[in-house]
Amino acid sequence: MRILLTVLLVAIATAFAVAQTTIGVRAGYGNSNLRTDSELDLISDQLDPTSALSVGAFVNVPFGDIFSFRPGIELNRRGTSLRIDASQEIFGIGVPLGARTKTRFTYIDVPLLFQATLPTEGAVKPYAFGGASLGYATGGNIRTTATALVEFNLMSSDIDLDAINYERFHAAAVGGLGVKAQIAPGLSAFVEGRYEQSLTEPYDVPLLTAKTGFKGLNFGAGVTFSL
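What comes next concerns the included structure. Note that the structure is a prediction, hence the values are computed from the model and not measured.

## Focus: the pattern of salt bridges
Inference 1: All chains considered together, the criterion is met by 7 salt bridges.
Inference 2: Note that Arg35 and Glu201 form a salt bridge whose closest N and O atoms lie 2.7 Å from each other. Of the two residues, Arg35 is situated in the loop between strand S1 (22–34) and strand S2 (47–48) and Glu201 in the loop between strand S11 (187–198) and strand S12 (203–204); the sequence distance between them amounts to 166 residues.
Inference 3: Taking the relative accessible area as the measure of exposure, Arg35 reaches 10% and is therefore buried.
Inference 4: Residue class for Glu201 comes out partly exposed when judged on its relative accessible area of 34%.
Inference 5: Put simply, Arg168 and Asp162 hold a salt bridge, and the shortest N to O gap is 3.2 Å.

## Remarks on the pairing of S1
Inference 1: Where S1 lies against strand S14 (residues 214–226), 13 bridges are found, and the strand directions are antiparallel. Residue Thr22 lies in a different strand from S14, and its bridge partner there is Ser226.
Inference 2: Pairing analysis gives 11 bridges linking S1 to strand S3 (residues 50–62), with the strands arranged antiparallel. Pairing of Ser32 across the sheet is with Thr50, part of S3.

The rules behind the values
Residues numbered from 1 in each chain as written. Predicted model: local features only at pLDDT ≥ 70, side-chain atom pairs only at ≥ 80, totals over all residues. Heavy atoms only, no water. Salt bridge = Lys/Arg side-chain N within 4 Å of Asp/Glu carboxyl O. Helix = DSSP H or I, 4+ residues; strand = E, 2+ residues; numbered from the N terminus. Buried < 20%, exposed > 50% of the residue type's maximum accessible area, 1.4 Å probe, protein only. Pairing = 2+ DSSP bridges.

Listed below in C-alpha cells is the structure:
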C-alpha cells in the first residue's frame, strides 16, 4: 500500500509541475470475471461475469498536442459469479448445493496510463489510452443466491482476506477508447470504455487447485477541468 501511495504522490507532483494539467473525476460500471486460463476449462460453464463499479480521480499531464500521461486513484471492485454443484466451503464460507456465489473484492488502484488524443479541429476529440494499473485489495464479500422463478439472496458474508492468505497486491494491463468534448472554457466532459486483464494471480479458484486473475470491461463518464 505504501508503494502505491508513493507512486501516486510522485505522479501528482510531476503533474503540478507541468503547465496545462487537467484534473478529472470518473465513475464507471461494467463486469468482471476470472481470466479463463486452461486450468479453468473444467468449470468454465459454471462461471459468469458479475457487476463491478468504479469511481476515482486523475490528472492528465500533456506532452504536446497529442500525448499525455494520466495517473490517478480509483476504488474498484473485481470478482466472479460461480454456480455450485455440490455443498462445499468457498473462502471458508459454507455454500449449499445448487446455489450461485457472487464474489467481489474491493481494490484501491493507481492507474498509470498514457493517452493519445486525436487533434481534431472541433470541440469533440476522440482518444485512446493504455498502460498499467497497480492495486491493493482492502476487502471482499461473498453473496449466495438461489433461483426459483426469480433470484433471491440466501446469505451475504465478508471475506477475511488474511485468513485465506489472499494476495492483496494486484497488477493489470489496461487499454481503452474514449471521446471528450469541451462544454465550457476549461471544462470538458468525456465518455470511455476500457478493458483490463490481470497480470497477477490473486484468486484461488474454488473447486480446483489453481490460481488466476481477473478480466473485465468498464464503461465510464466524467468531467475534466483545467488548473
